[in-house]
Number of protein chains: 2
Amino acid sequence: MPADDTVDALVDALVRCTFQITGVLTRIGADNDLSLTQLRVFGILRDRRPRVTELAAYLGLDKSTMSGLIDRAERRGLLAREKNPADGRVVDVFLTPAGRDLTQRLYLEVRDALAPEITRLRPAQRDQLLALLDPLLNPTGD
Amino acid sequence: MPADDTVDALVDALVRCTFQITGVLTRIGADNDLSLTQLRVFGILRDRRPRVTELAAYLGLDKSTMSGLIDRAERRGLLAREKNPADGRVVDVFLTPAGRDLTQRLYLEVRDALAPEITRLRPAQRDQLLALLDPLLNPTGD
DNA sequence: TTGGTTTAGTTGGTAATACAAACCATCTCT
DNA sequence: AGAGATGGTTTGTATTACCAACTAAACCAA
């Protein structure tokens with residue numbers, strides 16, 4: 001692994017960018033009484049209906065952690081559990097209408113919070129950035 | 001604020017990128033018995049010697065949270081407190097040699113973990129990405 | 001079909017993270 | 001000197017997170 005200043009600078013920029021966005025997300029979560037982790041849960045449930053273990057795997061958390069997280073959100077009426085009819089051991093998790101509303105609101109808040117930074121880029125640059133982030137997100141090939 | 005699909009896609013990509021990198025950082029932290037927050041603490045102390053409140057402000061945390069964080073790391077000999085000679089109320093925080101070593105190792109681990117993704121970009125693209133991230137990080141002007 | 005194993009999820013125990021409120025020490029300003 | 005502001009710690013509580021132990025359901029083998 002050869003020393004490469006650009007790689008170093010990029011690692012630095014990516015990490016700082018990560019913390020900056022995490023800060024925004026944490027703040028928006030806190031405004032809605034949600035932790036960052038719960039925010040992620042809602043993000044995942046937006047277009048999925050996973051079982052508990054799948055959800056835990058997405059988030060890199062233990063099953064038991066997942067149980068508690070779901071408990072608390074369920075008590076608040078934001079999501080619900082349902083036994084999987086095909087396999088009695090499995091519990092599916094999904095958003096309630098209230099949870100869906102909240103998720104939508106959260107998404108708009110995040111969008112509005114990040115928009116000022118994004119619109120600092122010219123439209124052509126936005127497309128460029130999108131194209132550059134893609135290979136970082138999708139480990140296609142390799 | 002007009003609807004703009006590119007902005008939406010970019011928000012999505014940035015958030016996913018954030019969680020992906022957070023995952024990497026969390027794993028590296030865990031391998032070294034450090035939480036993500038502690039990782040950030042070490043990152044900040046790498047080239048600073050802040051007072052407790054400054055550190056808390058950087059991280060967006062309460063003073064009291066900071067106290068505990070520092071306590072635990074201090075007990076492990078990774079960082080130290082020192083009364084500020086100019087103002088008896090203030091406590092400065094800084095890395096011990098052991099903490100400095102650990103921080104350096106962590107940095108290399110992060111670098112190695114992110115390098116594969118980065119080297120998927122051609123060198124010219126890396127420079128481009130760096131240039132595009134810059135305005136997101138530095139709210140110059142506005 | 002019965003018995004052993006694996007899989008899915010919950011429960012209980014512990015440590016770390018995080019906040020708020022109360023508190024002590026020090027500094028600042030009048 | 002005394003009142004108020006500032007910087008940190010302490011205390012109490014909820015959440016996050018892990019591990020280990022447990023229960024229920026499914027699978028598999030003989």
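Look up: the structure comes first, before these words.
Predicted model, so just to flag it, every value in this text is computed and none were measured.

Enquirer: Can you help me understand the overall build of chain A in this one?
Expert: When helices and strands are tallied, chain A shows 6 helices and 2 strands. Ordered by position in the sequence, the α and β elements of chain A form the string α-α-α-α-β-β-α-α. In terms of overall dimensions, chain A is more spread out than a globule: its C-alpha atoms have a radius of gyration of 18 Å, far above the 14 Å expected for 142 residues. When the backbone C-alpha atoms are referred to their principal axes, chain A occupies close to 55 × 35 × 25 Å. For chain A, the proportion of its 142 residues judged to be buried stands at 26%. Restricting the contact set of chain A to residue pairs at least 6 apart, pairs at least 24 apart contribute 41%.

Enquirer: I'm lost on the relation of the copies chain A and chain B in this one. Help?
Expert: Both copies of the chain are related by a screw-like operation: a rotation about an axis and a shift along it. Expressed as a screw operation, the relation of chain A to chain B combines 0.0 Å of axial shift with a rotation of 180 degrees, fitting to an RMSD of 0.0 Å. The two molecules are tied by a two-fold rotation axis, judged by turn and shift. Closest approach to the rotation axis within chain A is made by the C-alpha atom of T18 of chain A, at a distance of 2.4 Å. Residue by residue, 98% of the interface of chain A is reproduced at the interface of chain B, so both copies engage with the same surface.

Enquirer: Can you walk me through the packing of helix α3 (residues 52-59) of chain A against helix α4 (residues 63-75) of chain A in this structure?
Expert: Packed helix pairs are specified by the crossing angle of their axes together with the interaxial distance, meaning the distance between the axes. All names here are of chain A. At a minimum axis distance of 9 Å, the contact between α3 and α4 shows a crossing angle of 105 degrees. Considering their axes alone, α3 and α4 lie roughly perpendicular with respect to each other. Taking contact as the criterion, the partners of V52, T53, L55 and A56 in α3 are, on α4, K63, M66, S67 and I70.

Enquirer: Is there a simple way to explain the interface of chain A and chain B in this structure?
Expert: A common measure of how large an interface is: the accessible area buried when the components associate. On the chain B side, the residues contacting the 42 residues of chain A number 41 residues. No other element matches helix α1 (residues 5-31) of chain A, which puts 18 residues into the side of chain A that touches chain B. Classifying every residue of the side of chain A that touches chain B by side-chain character gives 24 nonpolar, 9 polar and 9 charged.

Enquirer: Got a minute to help me understand the protein's contact with DNA strand C in this structure?
Expert: The full set close to DNA strand C counts 23 residues, and T53 and S64 of chain A together with S35, S64 and G88 of chain B are the nearest of them. Breaking the surface near DNA strand C down by element, the ones donating at least two residues are α3 and α4 of chain A together with α2 (36-45) and α4 (63-75) of chain B. Here the surface near DNA strand C gets 5 residues from one element, more than from any other, and that element is α4 of chain B. Looking at the surface near DNA strand C, its residues break down into 5 nonpolar, 10 polar and 8 charged.

Enquirer: Help me understand the protein's contact with DNA strand D in this model?
Expert: As a structural note, the neighbourhood of DNA strand D is formed by 24 residues, with S35, S64 and G88 of chain A together with R51 and S64 of chain B the closest of them. Elements represented by at least two residues in the surface near DNA strand D include exactly α2 (36-45) and α4 of chain A together with α3 (52-59) and α4 of chain B. Element by element, the count of residues in the surface near DNA strand D is highest for α4 of chain A, at 5 residues.

Cut-offs used in this document
- Residues numbered from 1 in each chain as written.
- Chains lettered and ligands numbered in written order.
- Predicted model: local features only at pLDDT ≥ 70, side-chain atom pairs only at ≥ 80, totals over all residues.
- Helix = DSSP H or I, 4+ residues; strand = E, 2+ residues; numbered from the N terminus.
- Rg over C-alpha atoms; globule rule 2.2 N^0.38 Å.
- Buried ≥ 20, exposed ≤ 12 C-beta atoms within 10 Å, placed from the backbone.
- Contact = placed C-beta atoms within 7 Å.
- Least-squares fit on C-alpha atoms with pLDDT ≥ 70 in both.
- Axes fitted to C-alpha atoms, helices over the stretch in contact; angles between N-to-C directions.
- Parallel < 35°, antiparallel > 145°, perpendicular 65-115°, else oblique.
- Nonpolar A, V, L, I, M, F, W, Y, C, P; charged D, E, K, R; others polar.
- Near = placed C-beta within 6 Å.

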